[in-house]
Amino acid sequence: MRIKLILVSALMFATVANSFAQIKVKTDAGDLTMQFNGRTNFDAGTYIVNDDTEGKQHNGVAMNDTRLGAIAKFDEKWSAKIEICYASKAISFRDLWIGYQINENSSVKVGNHFQPYGAKPLGLAYKFVEDATADYAFCPARKIGASYAYTSDNLNVTAGLFSDGNVDNGKNIDQGISLAAKIIYRPIIDDNTVLHIGFAPMFVQSPNAINHTGIIPTTVVTKNLITTGALANDNYLRLEAEVLFIKDKIYAEAHYLANKLNNAQVGVDEQKGVYLDGFYIQGGYMIKGEKQNYNKATGLTKSAFPKSLEVLARISHLNFDDIKAGKQTDVTLGCNYFINKNLNVKLNYIYAAVKDGDDYHMIQSRLQFSF
């Protein structure tokens, strides 16, 4: 009964939202245009564990991560975006920024937006149902800040200054700051082939303890496999190195991510430096469809063309042994079918193994509607 209700809700939402997406507001002078956008995920999953104390299996369905927003463009060079998200029974802002196009290659952005680090800005173009575990553990969320971006055929450079933007009932607090940058060089780029190499440093002065977690999020339950716990520190340096390759229907990429915490408090002991790292390697092949797609402006992959069928594989690894918190490795097999430009279906199988711990098996599916 619940599955039928989810499917009926999906169809109703798709019909209404698609009509809503066709609405464009434009002034008579043509100096302001506004277009609405959004998405929602209809998930089903089963989560099988080997630990008898936690039960053998969990099954469920959910309507997860629903977003509605609008993008406005005005006075030729100005733009703005607002996006509101409903997830985990709470409403929150995601994007909330204003931008200015300096020239054909350069732009600036101010407000709540992603820092240039990791693959989280992919959004709708995620290849899998969930982030890679290493991405989930190390990549920061959106923050309030100002950033500059330069884009050309062979080069992407993004840099910015950000802060947490938290408040504490009017009290004076140190929110901390982060300096982040990302450089992507494309020695090869044409209609069918892309080779991109990237490097991203991020320095964070943070008064708040941070927590890195090897997490497996699923439709019905979220399992923390390994965790660093709360680590108080003076500051930390994050680094990322990546390579991405596309050739016609073949796609492959690899990311290495690391975090060096200075003067970290681990339990009752203070260590001068704590080093945590991880990596993931993933690839895919388009069984049916024209080719893999790439977004030059963001330096990330794009969703496939309608009627495309894609198979995928990924291995992700986390290493928290520097504070004796363990290691985690997980393997994901996936299949994506893009029904049209608004609707796609994803199916993933995940096997996760923890050093000196338990193994976990998960099957996830997602019907994603976007406009």
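Residues numbered from 1 in each chain as written. Predicted model: local features only at pLDDT ≥ 70, side-chain atom pairs only at ≥ 80, totals over all residues. Heavy atoms only, no water.

A.B. asks: Please clarify how the overall build of the protein chain should be interpreted in this entry.
C.D. replies: Of the regular secondary structure elements, the protein chain holds 2 helices and 21 strands. In the protein chain, which comprises 371 residues, the share counted as buried stands at 44%. Carbon and sulfur atoms make up 59% of the accessible area of the protein chain, which totals about 18500 Å². (Helix = DSSP H or I, 4+ residues; strand = E, 2+ residues; numbered from the N terminus. Buried < 20%, exposed > 50% of the residue type's maximum accessible area, 1.4 Å probe, protein only. Areas by Shrake-Rupley, 256 points an atom, 1.4 Å probe, with all protein chains shown as cover.)

A.B. asks: Any chance you could explain the side chain of N156 here in plain terms?
C.D. replies: The residue N156 is located in strand β8 (residues 155-163) in this model. With a relative accessible area of 4%, N156 lands in the buried category. Among the polar contacts listed, one links the side chain of N156 to the backbone oxygen of K296, at a separation of 3.2 Å. Every residue in contact with N156, bar those within four places of it in the chain, is listed here: Y150, T151, K182, I183, I184, R186, K296, A297, T298 and G299. (Polar contact = N/O pair within 3.5 Å; in protein donor to acceptor, adjacent residues only side chain to side chain. Contact = heavy atoms within 4.5 Å.)

A.B. asks: Teacher, can you tell me more about unusual backbone geometry here?
C.D. replies: One can expect most non-glycine residues to show negative phi and most peptide bonds to be in trans. Backbone geometry at D248 places phi at a positive 55 degrees, although glycine is not the residue there. Here D248 shows up in the loop between β13 (235-247) and β14 (250-266). Positioned with a positive phi, K307 is a non-glycine residue whose angle comes to about 70 degrees. Tracing the sequence through the fold places K307 in the loop between β17 (300-302) and β18 (308-319). The exposure class assigned to K307 is partly exposed, which follows from its relative accessible area of 45%.

A.B. asks: Before we go on, may I ask you to explain the pairing of strand β7 (residues 143-151) in this structure?
C.D. replies: A regular strand places its side chains so that they alternate between the two faces of the sheet. Two elements, strand β6 (residues 106-113) and β7, share 8 bridges in a ladder whose sense is antiparallel. Within β7, the residue paired with S107 across the bridge is A149. Here 8 bridges tie β7 to β8, and the two strands are oriented antiparallel to one another. Within β8, the residue paired with I144 across the bridge is S163. (Pairing = 2+ DSSP bridges.)

A.B. asks: Please explain the side chain of S152 as it appears in this structure.
C.D. replies: Among the secondary structure elements, S152 is positioned in the loop between β7 and β8. Note on S152: relative accessible area 18%, which makes it buried. With residues near it in sequence (within four places) discarded, S152 still touches N105, R186 and K296.

A.B. asks: Explain the nonpolar core here, please?
C.D. replies: Proteins that are soluble and globular tend to have nonpolar side chains buried together. Among the nonpolar cores identified, the biggest contains 33 residues, and F138, L261 and L276 are the most heavily contacted of them. Looking at this core, the elements with two or more residues in it are α2 (133-138), β10 (193-205), β12 (222-227), β14, β15 (269-288), β20 (343-354) and β21 (359-370). Looking at this core, the element that brings in the most residues is β14, giving 4 residues. One finds I184, I246, Y251 and L312 within the second-largest nonpolar core, a separate group that totals 8 residues. (Core = buried A, V, L, I, M, F, W, Y, C linked by side-chain atoms within 4.5 Å.)

A.B. asks: Is there a simple way to explain the confidence of the model for the protein chain in this structure?
C.D. replies: Parts of the model with low pLDDT should not have their predicted coordinates read in detail. Mean pLDDT over the protein chain stands at 83; residues scoring 70 or higher make up 81%. Predicted confidence for residues 1-8 stays below pLDDT 50, and this span has 6 contacts to residues more than four positions away or in other chains. (pLDDT = per-residue confidence, 0-100.)

A.B. asks: Help me out: how do you make sense of the pairing of β6 in this one?
C.D. replies: Of the strand pairs in this sheet, strand β5 (residues 90-101) and β6 are connected by 6 bridges, and their pairing is antiparallel. Within β6, the position partnered with W97 by the bridge is G111.

A.B. asks: It is not clear to me how the packing of aromatic side chains should be interpreted in this structure. Could you clarify?
C.D. replies: Aromatic ring pairs are defined here through the distance separating the ring centres and the angle between the ring planes. Following the criterion strictly, the structure yields 2 aromatic pairs and no others. Taking NZ or CZ as reference, K109 lies 4.4 Å from the ring centre of W97, over its face. When the ring centre of Y251 is taken as origin, the NZ or CZ atom of K127, which lies over that ring, is 4.6 Å away. (Phe/Tyr/Trp six-rings, centres within 6.5 Å; stacked < 30°, edge-to-face > 60°. Lys NZ or Arg CZ within 6 Å of the ring centre and 35° of its normal.)

A.B. asks: Sorry if this is basic, but what is going on with the environment of G334 here?
C.D. replies: Mapped onto the fold, G334 is located in strand β19 (residues 327-338). Distance from G334 to F128, taken between C-alpha atoms, is 6.7 Å for residues 206 residues apart in sequence. Apart from residues no more than four positions distant in its own chain, G334 is found in contact with F128, E310, V311, L312, L347 and N348.

A.B. asks: Help me understand the pattern of salt bridges in this model?
C.D. replies: Side-chain pairing between opposite charges can occur once the charged atoms of the two side chains come close. On inspection of all chains with the given rule, the structure shows 10 salt bridges. Between D95 and K81 there is a salt bridge; the shortest N-O distance is 3.2 Å. A residue pair is termed long-range when its members are at least 10 positions apart, and D95 in strand β5 and K81 in strand β4 (residues 78-87) qualify at 14 residues. We note that D95, like K81, is buried. A salt bridge links E83 to R142; the shortest N-O distance between them is 3.8 Å. (Salt bridge = Lys/Arg side-chain N within 4 Å of Asp/Glu carboxyl O.)

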